[in-house]
Amino acid sequence: MTLLQSITDALDIAMTSDHTAVIFGEDVAFGGVFRCTVGLEEKFGKERVFNTPLCEQGIAGFAIGLSVAGANAIAEIQFADYIFPAFDQIVNEAAKYRYRSGNLFDCGSLTFRATWGAVGHGALYHSQSPESYFAHTPGLKIVIPRSPAKAKGLLLSCIRDKNPCIFFEPKILYRSAVEQVPTKDYMLPLGKADIMLEGSDVTLIGWGTQVHVLREVADLAQEKLGVSCEVIDMVSILPWDKETIFQSVAKTGRCIVSHEAPYTGGFGAEVAASIQEECFLNLEAPVQRICGHDTPFPHIFEPFYLPDKWRCLEAIKKVTNF
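Computed from a prediction, not measured in an experiment: that's the story for all the values here.

Novice: Teacher, can you tell me more about the pattern of salt bridges here?
Specialist: Opposite charge on two side chains allows them to pair when their charged atoms are near. Counted by the stated rule, this structure contains 16 salt bridges. Salt-bridge contacts for Asp-233 lead to Arg-146; the nearest nitrogen and oxygen are separated by 2.7 Å. One end of the pair, Asp-233, is in strand β9 (residues 229-233); the other, Arg-146, is in the loop between β5 (141-143) and α7 (148-160), and 87 residues separate them in sequence. An identical accessibility class is assigned to Asp-233 and Arg-146; each is buried.

Written as structure tokens, this is what we have:
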């Protein structure tokens, strides 16, 4: 399956196994702009799969109310760049609903799907990675898959989780990421990082699309520098798997965190700060962050903006020669 097919499959399973599940958003009834909901309206009917107005704040508010009323709300925000009109509803209402009611009420059966990250031609309004904005908010879970098999299991976990979840989908991987995906119903744990490649000299940490860049960087480092890199996919931003990362950094003594979002205030800063608090005496070099630049996401200059393999390789040289 491609990544988009695995997401369609997960949504199909969720709708079949839970009669309260409802999918809605801009253009989802005819399959969505990325074709992730193709065939679902025909299968489950217009009352369970339907279009909304072009109003992200309304989509989020409606989703919260639907969840509180007992449904399992699966809301699509067409691009993560357009999630900001819904920001207040998500961080001030959805994330705090259980807390403010003293656990009498909650909107736990609530998932926001949104396309995320660079796509090669998206420019400033179709390329952003806003995960760190939401990571500052207790009460939410934030997940970013790297592959079709991960996407299916993680999306089903989000849909069935009793906390509001934001599921960011790397749109450049929709058709380019292809692998064998189990057809059965399965779930994968949230908050558990994956060690994709074991190594002994440098820990490379990323999520979503960037994990594939780091995997390539690890091969380059071994080939050109003789450096053994351990590659970790964080999988979820909130909660994040500190134990796996701290154990890796304690072993290697060097760490590079890489993401597409801008350098300042990106979630890599949180990871780097936590590593220096917990692993200071194990570090052989300062933690490096290789990220997008502190500018709006560019169009024709996208290749210079992204944290590509060559920028990451330079960081590996820096930490190993420190």
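Read on for the rest.
Novice: Would you mind going over helix α13 (residues 309-320) with me for this structure?
Specialist: Every α-helix winds through 3.6 residues per turn, so residues three or four apart in the chain are directed the same way. If you check α13, its first and last C-alpha atoms are 16 Å apart, about what 12 residues at 1.5 Å a residue would give, namely 16 Å. All buried positions along α13 are accounted for by Cys-312, Leu-313, Ala-315, Ile-316 and Val-319. Each buried residue of α13 sits inside an arc of 155 degrees when the element is viewed along its axis, so together they form one side. Taken together, the buried residues of α13 touch β8 (202-206), α9 (210-225), β9, β11 (255-262) and β12 (288-292).

Novice: Before we go on, may I ask you to explain the layout of surface pockets in this structure?
Specialist: In this model, the largest pocket occupies a volume close to 260 Å³. What lines the largest pocket is a set of 18 residues, and nearest its centre among them are Gln-128, Ser-129, Tyr-133, Pro-262 and Tyr-305. Counting residues per element, the ones that place at least two in the lining of the largest pocket are α6 (131-135) and β11. It is β11 that provides the largest number of residues to the lining of the largest pocket, a total of three residues. Residue composition of the lining of the largest pocket, by class: nine nonpolar, eight polar and one charged. Space inside the second largest pocket adds up to approximately 170 Å³. Sorting the residues of the lining of the second largest pocket by element identifies α6 and α11 (267-279) as the ones contributing at least two each.

Novice: Would you mind going over the packing of aromatic side chains with me for this structure?
Specialist: Note on aromatic pairs: each is described by the distance of the centres and the angle between the planes. Tallying each qualifying case throughout the model produces 14 aromatic pairs. Considering the side-chain rings of Phe-24 and Phe-62, the 5.1 Å spacing of their centres and the 80 degrees angle between planes classify their relative orientation as edge-to-face. Placement of Phe-24 in strand β1 (residues 21-25) and of Phe-62 in helix α3 (residues 56-68) is noted, with a sequence separation of 38 residues between them. Accessibility expressed as a relative area gives 0% for Phe-24, which makes it buried. Look at Phe-87 and Phe-134: their rings are 5.2 Å apart centre to centre, the planes differ by 50 degrees, and that puts the pair in the tilted class. You can see Phe-87 sitting in helix α4 (residues 87-94) and its partner Phe-134 sitting in helix α6, a full 47 residues away along the chain. A residue is classified by how much of its surface remains accessible, and Phe-87, at 25% relative accessible area, is partly exposed. Since its relative accessible area comes to 0%, Phe-134 is described here as buried. Clustering of aromatic rings is evident, with ring pairs tying together Phe-34, Phe-79, Tyr-82 and Tyr-174. Its guanidinium or amino end placed over the ring of Tyr-263, Arg-289 lies 3.9 Å from that ring's centre, counting from NZ or CZ.

Novice: I tried to follow the sheet that holds β8 on my own but got confused; where do I start?
Specialist: Consider a sheet: its strands pair through backbone hydrogen bonds, and that pairing is either parallel or antiparallel. The strand order across the open sheet built from five strands is β7-β9-β8-β11-β12, with neighbouring strands paired in mixed fashion. Both outer strands of the open sheet, β7 (194-197) and β12, are each paired with one neighbouring strand and no more. Across the sheet, the mean angle from the axis of one strand to that of its neighbour is 25 degrees, orientation sign disregarded. Direction of pairing for β7 relative to β9: antiparallel, over a ladder of three bridges. Across the sheet, residue Asp-194 finds its bridge partner in β9, namely Asp-233. Across the sheet, α11 is in contact with β8, β11 and β12; its angle to β11 comes to roughly 160 degrees.

The rules behind the values
Residues numbered from 1 in each chain as written. Predicted model: local features only at pLDDT ≥ 70, side-chain atom pairs only at ≥ 80, totals over all residues. Heavy atoms only, no water. Salt bridge = Lys/Arg side-chain N within 4 Å of Asp/Glu carboxyl O. Helix = DSSP H or I, 4+ residues; strand = E, 2+ residues; numbered from the N terminus. Buried < 20%, exposed > 50% of the residue type's maximum accessible area, 1.4 Å probe, protein only. Expected span 1.5 Å × (residues − 1). Arc of directions from axis to C-beta. Contact = heavy atoms within 4.5 Å. 1 Å grid on protein atoms, 1.4 Å probe; cavity = no way out; pocket = protein on both sides within 12 Å on 5 of 7 lines; lining within 4 Å. Points joined across faces, edges and corners; volume = space filled by probe spheres on them. Nonpolar A, V, L, I, M, F, W, Y, C, P; charged D, E, K, R; others polar. Phe/Tyr/Trp six-rings, centres within 6.5 Å; stacked < 30°, edge-to-face > 60°. Lys NZ or Arg CZ within 6 Å of the ring centre and 35° of its normal. Pairing = 2+ DSSP bridges. Axes fitted to C-alpha atoms, helices over the stretch in contact; angles between N-to-C directions.

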